[in-house]
Protein chains: 2
Amino acid sequence: MDILARRLAVARGDEPADVVVRGGRVLSVFTGEWLEADIAVADGWIAGLGEYDGREVVDASGRYVVPGFIDAHMHLESTKLLPDEFARLVLPLGTTAVVLDPHELANVLGTDGVHWLLDACDGLPLDFYFMASSSIPASAFESPRRPLLSGDLESLLRRRRVLGLAEMMNFPGVINADPAELQKLQLAEGVHIDGHAPGVMGRSLNAYAAAGIRSDHEALTEDEGRERLRKGMWLLIREASMARNLRALLPLVREFGTNRIAFCTDDRDPEDIAENGHINGMVREAVAAGLAPEDAIVLATINPATWHRLWHLGAIAPGYQADLLVLGDLERFEPELTLKHGRPIDETQKPEVPEWVKHSVRNRPVSADDFRVFASGMVRVIGLVPDQVVTELIVQEPEDELATIAVVERHLGTGRIGLGLVTRSGLQRGALASTVSHDAHNIIVIGKSTDDMAQAVTRLGELGGGIVVVDGGTVTAELPLPVAGLLADAPLAEVIRRSLECNDAARALGWSGATPFLTLSFLGLSVIPSLKITDRGLVDVDRFEIVPLNV
Amino acid sequence: MDILARRLAVARGDEPADVVVRGGRVLSVFTGEWLEADIAVADGWIAGLGEYDGREVVDASGRYVVPGFIDAHMHLESTKLLPDEFARLVLPLGTTAVVLDPHELANVLGTDGVHWLLDACDGLPLDFYFMASSSIPASAFESPRRPLLSGDLESLLRRRRVLGLAEMMNFPGVINADPAELQKLQLAEGVHIDGHAPGVMGRSLNAYAAAGIRSDHEALTEDEGRERLRKGMWLLIREASMARNLRALLPLVREFGTNRIAFCTDDRDPEDIAENGHINGMVREAVAAGLAPEDAIVLATINPATWHRLWHLGAIAPGYQADLLVLGDLERFEPELTLKHGRPIDETQKPEVPEWVKHSVRNRPVSADDFRVFASGMVRVIGLVPDQVVTELIVQEPEDELATIAVVERHLGTGRIGLGLVTRSGLQRGALASTVSHDAHNIIVIGKSTDDMAQAVTRLGELGGGIVVVDGGTVTAELPLPVAGLLADAPLAEVIRRSLECNDAARALGWSGATPFLTLSFLGLSVIPSLKITDRGLVDVDRFEIVPLNV
């Protein structure tokens with residue numbers, strides 16, 4: 001029998017369901033009510049709510065049954081995990097669908113990389129949807145392997161499971177009607193477009209919204225969030241490892257209700273997820289802050305589904321995909337059971353990773369001389385704000401406290417190196433280096449020893465990418481990230497262990513913040529204030545131009 | 001300059017707007033707030049909210065500015081007006097977009113008729129969107145000119161401005177997984193589907209929703225509405241001329257908020273619109289019944305737009321189409337000004353009506369003998385409930401009070417005539433006839449004189465369709481409806497005048513209800529209980545079969 005015909009037969013009660021979830025209190029995300037109803041599942045889809053019999057029965061008595069959680073916007077690469085390993089991590093936490101912007105991978109591997117990731121996600125028990133990465137390079141000061149042009153986006157937008165255009169990060173370009181940006185926007189007609197407009201307000205925000213961009217996850221304050229809602233933009237509340245906006249924005253839910261607000265994690269590192277959870281952690285924190293559990297769940301289920309037009313997800317109702325969480329309470333939000341397509345999660349197969357995604361590090365060989373800085377008089381120095389993505393632009397005289405920083409082009413072997421100085425890192429000796437360096441993901445290296453810097457960069461080439469700490473000629477810790485220099489080909493526990501070892505090793509060199517490599521990874525991102533560095537040199541982000549070291 | 005680039009320049013304030021609406025209190029349908037802001041319009045689209053200058057200024061000081069109203073579901077044919085005349089009627093009432101199901105026309109003229117209507121609506125100042133009529137014939141007992149098959153629907157769904165599949169009226173077919181109905185549903189994957197499920201509850205409603213049908217406008221009671229919302233269906237609150245559900249369903253808005261609820265008129269006759277308004281009348285009545293004006297407006301603007309995925313309509317925000325109403329108060333909802341694309345409405349051109357849509361009446365000639373009923377013993381009689389669409393099935397002996405009713409096939413000239421008897425019409429003499437006779441729109445005629453019945457049917461053939469009243473061999477009133485036998489080719493005032501004359505003439509014959517021809521038009525609709533009549537005979541709707549006159 002046709003699947004739909006069978007679903008209707010189960011709904012009518014003429015055939016037994018495959019699975020019946022019985023005895024629970026079932027949340028209607030539409031009315032906010034807890035219904036006492038069985039849930040009948042046929043072929044992975046919900047056939048009916050009411051009284052039903054089934055071949056298998058899941059006893060949910062005394063429990064709450066809610067839809068699986070959906071992450072409205074995230075970058076898989078921040079978790080450093082391959083999609084199958086990510087699925088193993090977050091499915092037990094209740095996340096059953098995610099919407100990815102794979103722009104880190106696309107900076108390194110182009111559309112080929114995105115097509116590979118799409119294929120690698122196919123058939124996994126977690127539903128991965130994609131947005132087509134709209135902003136590669138993030139700015140003209142960055143050097144990805146190649147830019148993604150509107151033709152690339154056109155091809156990506158035609159793929160199944162690609163929902164729209166990912167965050168339009170070049171907000172000045174959009175606001176000022178840069179023809180290349182307008183071309184991308186017009187390409188996306190009929191699909192939807194995520195925004196990224198930190199601090200943009202007033203007429204500039206009008207222009208950004210008037211371009212057809214209808215979401216933003218960069219609102220930090222109530223005022224910013226309120227103005228976005230008023231102007232018809234969805235407010236995606238972000239709780240990333242380094243940018244936590246939930247508490248600041250929750251009052252808007254109390255003020256206006258849940259309409260057009262959804263949760264996302266944006267960038268979460270694996271330790272953070274292992275420790276604090278994923279979307280379930282946001283729901284927990286929202287409820288702890290006083291939000292009604294029903295409202296918090298709406299922000300994590302039907303609302304992200306609605307924004308992304310995933311009409312089959314986010315609710316427990318006939319005709320929806322049977323992604324269900326059985327919860328023991330409405331405080332911890334740690335599912336006792338995650339049902340995907342109405343079934344407990346099977347063993348997740350490990351897909352084979354092709355060789356070509358593992359050989360992305362192609363830097364020209366370096367030596368200590370490459371990292372020698374020639375400073376005279378006053379210099380521009382990157383003022384580090386530990387555990388933040390912003391920096392300060394400081395003009396000062398050179399002094400011993402400063403560490404050297406460099407970005408080494410690693411996609412085409414051009415030998416291009418940008419050099420600079422950093423204050424307040426705490427570093428006393430050695431070097432840290434990483435191929436995770438937003439957004440172009442060239443090699444970023446910081447150190448007090450040019451020898452150690454050269455050795456760290458060389459080691460990254462040998463690993464095919466990753467994170468390394470070198471102290472006096474010895475590699476004291478390393479995390480290999482062979483897939484595009486961004487993702488580990490190892491299980492979660494090993495990734496976390498090695499990641500923590502690297503952090504410890506960095507702190508042993510004197511690093512003063514909690515998250516050395518996360519902080520380091522944003523020092524190359526040329527679209528966040530104030531002084532950043534790329535392989536093309538120092539970038540004064542506020543003036544949006546390359547500036548020399550010497551003033 | 002490119003239109004989008006110009007819109008952004010206006011948003012930034014770098015170019016003057018075409019029109020600025022200044023000084024009003026502007027409703028944000030997203031937050032429910034009244035904002036004190038100018039609205040800047042560029043090329044018919046909203047560029048920004050804030051402080052703006054423009055080449056033209058609309059002074060809205062002391063006024064309320066809200067988005068144009070949208071009718072989520074209606075049949076144009078019930079208004080008896082051509083689309084241009086309908087636009088002239090409802091634009092001043094604040095309706096700026098409608099979603100039509102043209103199924104009356106499609107019963108008579110097939111997909112050709114729908115394509116003609118789509119073209120005739122193009123370029124009018126009112127935005128007409130269509131749903132592809134899914135249920136032609138309404139049942140196997142009815143005789144449209146031809147059925148609409150799934151291939152027809154496939155072609156319609158591919159047209160611009162066709163949004164999805166119109167109300168799936170064959171709800172028993174859907175629930176029981178009739179292959180023809182499932183084929184239509186599967187065709188509509190990726191678009192959305194309107195429902196029509198009167199009285200359906202419980203497991204049957206589960207099946208109907210599980211088929212992917214996510215709206216219904218047939219809920220009459222709070223219980224029906226609540227269950228539809230819980231099961232993930234949009235509740236389209238209908239206020240039709242003969243089915244007024246607003247007051248009964250408003251408590252659900254108070255209970256659950258405005259989420260997934262929208263207004264529609266379904267079937268409104270022209271007198272009703274002229275007297276009581278259109279969607280604005282629903283807003284007025286909702287507010288009079290105690291609903292907050294902001295909520296009532298949401299149900300009439302952003303919500304119908306959201307259900308129908310009309311992402312550019314229903315709000316006053318950057319990037320939305322500038323369809324705006326200037327209101328003097330929040331009680332009467334009679335716009336002082338309707339702005340379409342930011343401009344007052346120009347003279348609406350009258351498109352030419354092609355000959356081929358005007359020659360749809362092709363009945364075989366009739367005589368009084370054709371209407372002679374041979375009753376013996378107990379007979380099945382249609383028990384009229386004046387001004388209602390339902391009837392009773394009454395078994396009784398023939399008596400003088402009964403009127404004769406007939407449906408004459410009029411699409412193919414087959415000469416097929418269904419005959420029956422009606423009680424409680426009040427008719428004393430003469431005959432009424434109409435080519436408006438849901439859903440197949442064959443000729444329906446009722447009378448006390450078989451001569452007058454024959455004359456009325458003959459007169460309809462001469463008119464090419466319409467409504468006539470004959471009294472003792474004289475036509476005492478008539479309304480020509482030459483377009484498909486459904487729509488007038490005359491101005492509103494004349495349509496209303498002649499329509500009222502027909503009603504008066506019917507009452508002069510003794511008709512006891514207020515709306516003789518509206519009542520008559522539903523006596524042929526074989527999917528509404530209990531005893532109906534088509535050209536194929538009497539239909540016992542509850543048993544869903546043809547039954548003989550004589551028991």
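The structure under discussion appears in the preceding block.
Reference entry: report on the structure contained in this document.

Calculation criteria
Residues numbered from 1 in each chain as written. Chains lettered and ligands numbered in written order. Predicted model: local features only at pLDDT ≥ 70, side-chain atom pairs only at ≥ 80, totals over all residues. Heavy atoms only, no water. Helix = DSSP H or I, 4+ residues; strand = E, 2+ residues; numbered from the N terminus. Rg over C-alpha atoms; globule rule 2.2 N^0.38 Å. Buried < 20%, exposed > 50% of the residue type's maximum accessible area, 1.4 Å probe, protein only. Pairing = 2+ DSSP bridges. Axes fitted to C-alpha atoms, helices over the stretch in contact; angles between N-to-C directions. Contact = heavy atoms within 4.5 Å. Least-squares fit on C-alpha atoms with pLDDT ≥ 70 in both. Polar contact = N/O pair within 3.5 Å; in protein donor to acceptor, adjacent residues only side chain to side chain. Phe/Tyr/Trp six-rings, centres within 6.5 Å; stacked < 30°, edge-to-face > 60°. Lys NZ or Arg CZ within 6 Å of the ring centre and 35° of its normal. Parallel < 35°, antiparallel > 145°, perpendicular 65-115°, else oblique. Nonpolar A, V, L, I, M, F, W, Y, C, P; charged D, E, K, R; others polar. Patch = residues over 30% accessible without salt bridge, like charges linked within 9 Å, V, L, I, M, F, W, Y side chains within 5 Å. Areas by Shrake-Rupley, 256 points an atom, 1.4 Å probe, with all protein chains shown as cover. Salt bridge = Lys/Arg side-chain N within 4 Å of Asp/Glu carboxyl O. Arc of directions from axis to C-beta. Lys, Arg positive; Asp, Glu negative; His and termini not counted. Charge placed at Lys NZ, Arg CZ, Asp CG, Glu CD. Buried area = accessible area lost by both parts, 1.4 Å probe. Disulfide = S-S within 2.5 Å.

### Focus on the overall build of chain A
Within chain A one finds 16 helices and 29 strands. Taken over C-alpha atoms, the radius of gyration comes to 24 Å for chain A, in line with the 24 Å a tight globule of 551 residues would show. Along the three orthogonal principal directions, the C-alpha set of chain A runs to about 85 × 50 × 45 Å. Here chain A holds 551 residues, and the buried ones make up 66% of them.

### Description of the sheet that holds strand S22 (residues 417-423) of chain B
All names here are of chain B. Ordered by their spatial adjacency, eight strands build an open sheet running S20-S19-S22-S21-S24-S23-S25-S26, and the pairing between neighbours is mixed. The open sheet has two free edges, formed respectively by strand S20 (391-396) and strand S26 (474-480), since each of these has just one partner strand. Across the sheet, the axes of successive neighbouring strands diverge by a mean angle of 25°, strand direction being ignored. Summarising the sheet, strand S21 (residues 403-408) and S22 pair through six bridges and their orientation is antiparallel. Residue pairing for S22: isoleucine 405 is matched across the bridge by glycine 420. Contacting S21, strand S23 (431-434), strand S24 (443-447), strand S25 (466-471) and S26, helix H14 (residues 450-463) crosses the sheet at an angle of about 145° to S25.

### Considerations on helix H2 (residues 83-90) of chain A
In terms of burial, H2(A) is a largely internal element, seven of the eight residues being buried. Three or more residues of H2(A) are buried, namely Pro83(A), Asp84(A), Glu85(A), Phe86(A), Ala87(A), Leu89(A) and Val90(A).

### Thoughts on the relation of the copies chain B and chain A
Mapping chain B onto chain A calls for a rotation angle of 180° and an axial translation of 0.0 Å; the resulting RMSD is 0.1 Å. Here the symmetry operator amounts to a two-fold rotation axis. Across chain B, the rotation axis passes nearest the C-alpha of Asn259(B), at a separation of 4.0 Å. An overlap of 100% is found between the interface residues of chain B and their copies at the interface of chain A, pointing to a shared contact surface.

### Quick word on the side chain of Glu478(B)
Residue and element names in this part refer to chain B. Among the secondary structure elements, glutamate 478 is positioned in strand S26. Here glutamate 478 falls in the buried class, since its relative accessible area comes to 15%. Here the side chain of glutamate 478 touches arginine 459 through a polar contact of 2.7 Å, side chain to side chain. Each residue touching glutamate 478, except ones within four places of it in the same chain, is listed here: Arg459, Leu463, Ile467, Val468, Arg498 and Cys502.

### A few points about the packing of aromatic side chains
Enumeration according to the criterion identifies eleven aromatic pairs over all chains in this entry. Sitting above the plane of the Tyr52(B) ring, Arg203(A) keeps its charged end 4.9 Å from the centroid.

### Let's talk about unusual backbone geometry
With an omega of 0°, the peptide bond between Ile136(A) and Pro137(A) qualifies as cis. Within the secondary structure layout, Pro137(A) lies in the loop between strand S10 (127-132) and helix H4 (150-157). A positive phi angle is found at Arg260(A), which is not glycine, with a value near 65°. The topology assignment puts Arg260(A) in the loop between helix H9 (246-256) and strand S15 (261-264). Classification of Arg260(A) by relative accessible area gives buried; the value is 11%. Positive phi outside glycine occurs at Ala177(B), with the angle close to 60°. In this fold, Ala177(B) is placed in the loop between helix H5 (171-175) and helix H6 (179-187). Owing to a relative accessible area of 14%, Ala177(B) belongs among the buried residues under this scheme.

### Examining the packing of helix H3 (residues 103-121) of chain B against helix H4 (residues 150-157) of chain B
All names here are of chain B. Between H3 and H4, the least distance of the axes is 11 Å, while the angle of their chain directions is 10°. In terms of orientation, H3 lies roughly parallel with respect to H4. Contact residues: H3 offers Thr111, Val114 and His115, while H4 offers Asp152, Ser155 and Leu156. Grouping the amino acids of the contact of H3 with H4 by side-chain chemistry returns two nonpolar, three polar and one charged.

### Some thoughts on the pairing of strand S1 (residues 17-22) of chain A
All names here are of chain A. By the criterion of burial, S1 is predominantly enclosed, with five of the six residues buried. Sheet topology places S1 next to strand S6 (residues 54-59); five bridges connect them, and they run parallel. Within S6, the residue paired with valine 21 across the bridge is valine 58. Bridge count between S1 and strand S4 (residues 38-42): three bridges; the pairing is antiparallel. Across the sheet, the residue bridging to valine 21 is isoleucine 39, located in S4.

### Examining the environment of Gly173(A)
All names here are of chain A. By the secondary structure assignment, glycine 173 is in helix H5 (residues 171-175). Taking relative accessible area as the criterion, glycine 173 reaches 8% and is therefore assigned buried. Distance in space between the C-alpha atoms of glycine 173 and glycine 50 is 53 Å, their sequence separation being 123 residues. When near neighbours in sequence (up to four residues on either side) are disregarded, glycine 173 contacts Asp178 and Glu181.

### Focus: a nonpolar patch on the surface
Residues and elements named next belong to chain A. Together, Met378, Val395 and Val551 line one region of the surface with nonpolar side chains, adding up to about 270 Å² of accessible area. Here valine 395 shows up in strand S20 (residues 391-396). Classification of valine 395 by relative accessible area gives partly exposed; the value is 45%.

### What about helix H9 (residues 246-256) of chain B?
Residue and element names in this part refer to chain B. For H9, the full list of buried residues reads Leu246, Leu249, Leu250, Leu252, Val253 and Phe256. Taken down its axis, H9 places every buried residue within 150° of arc, on the same side. Among the structural elements, helix H8 (222-230), strand S14 (234-238), strand S15 (261-264), helix H11 (279-288) and helix H12 (293-300) are those in contact with the buried residues of H9.

### Some words on a negative patch on the surface
On the surface, Glu397(A), Glu399(A), Asp400(A) and Glu401(A) cluster together to form a negatively charged patch. Position of Glu399(A) among the secondary structure elements: in the loop between S20 and strand S21 (403-408).

### Considering the interface of chain B and chain A
Opposite the 48 residues of chain B that make contact, chain A presents 48 residues. Buried area between chain B and chain A, summed over both chains or domains, comes out near 4,200 Å², and the portion from carbon and sulfur atoms is 55%. On inspection of chain B and its partner chain A, the count reaches two salt bridges. Residue Glu33(A) pairs with Arg230(B) through a salt bridge whose shortest N-O separation is 2.7 Å. The tally of links between chain B and chain A comes to 18 residue pairs in polar contact (both at pLDDT 80 or more). Element by element, the count of residues in the side of chain B that touches chain A is highest for helix H1 (residues 3-12) of chain B, at six residues. Tallied by class, residues from the side of chain B that touches chain A come to 24 nonpolar, eleven polar and 13 charged.

### Re the sheet that holds strand S26 (residues 474-480) of chain A
Residues and elements named next belong to chain A. Strand order in the open sheet formed by eight strands is S20-S19-S22-S21-S24-S23-S25-S26, with mixed pairing between adjacent strands. Both outer strands of the open sheet, S20 and S26, are each paired with one neighbouring strand and no more. Within the sheet, the average angular offset between the axes of one strand and its neighbour, ignoring direction, is 25°. Across the sheet, helix H14 (residues 450-463) lies against S21, strand S23 (431-434), strand S24 (443-447), strand S25 (466-471) and S26, angled at about 145° from S25, the strand it touches most. The sheet strands contacting helix H15 (residues 492-508) are S23, S25 and S26, and the helix crosses S26 at an angle near 145°.

### Notes on the pairing of strand S17 (residues 337-340) of chain A
Residue and element names in this part refer to chain A. Relative to S17, strand S16 (residues 324-327) runs antiparallel, the two sharing three bridges. The partner of leucine 325 across the bridge, within S17, is threonine 338. Both S17 and strand S18 (residues 343-344) contribute to a ladder of two bridges, which runs antiparallel. Bridging across to S18, leucine 339 finds its partner in proline 344. The antiparallel hairpin formed by S17 and S18 contains two residues in its connecting segment, where histidine 341 sits at a positive phi of about 50°.

### Section: the state of the cysteines
Using the criterion set out here, one finds zero disulfides over all chains in the structure. Cys264(A) takes part in no disulfide bond, and the closest cysteine sulfur, belonging to Cys121(A), lies 18 Å away.

### A closer look at the pattern of salt bridges
All names here are of chain A. Taken as a whole and assessed by the stated rule, the structure comprises 93 salt bridges over all chains. Note that arginine 55 and aspartate 18 form a salt bridge whose closest N and O atoms lie 3.4 Å from each other. Taken together, the positions of arginine 55 in strand S6 and aspartate 18 in strand S1 put the pair 37 residues apart, joining distant regions of the chain. Exposure remark for arginine 55: the relative accessible area of 56% places this residue in the exposed category. Two residues, arginine 159 and aspartate 119, come together in a salt bridge whose shortest N-O distance is 2.8 Å. Of the two residues, arginine 159 sits in the loop between H4 and strand S11 (162-168) while aspartate 119 sits in helix H3 (residues 103-121), which places them 40 residues apart along the sequence.

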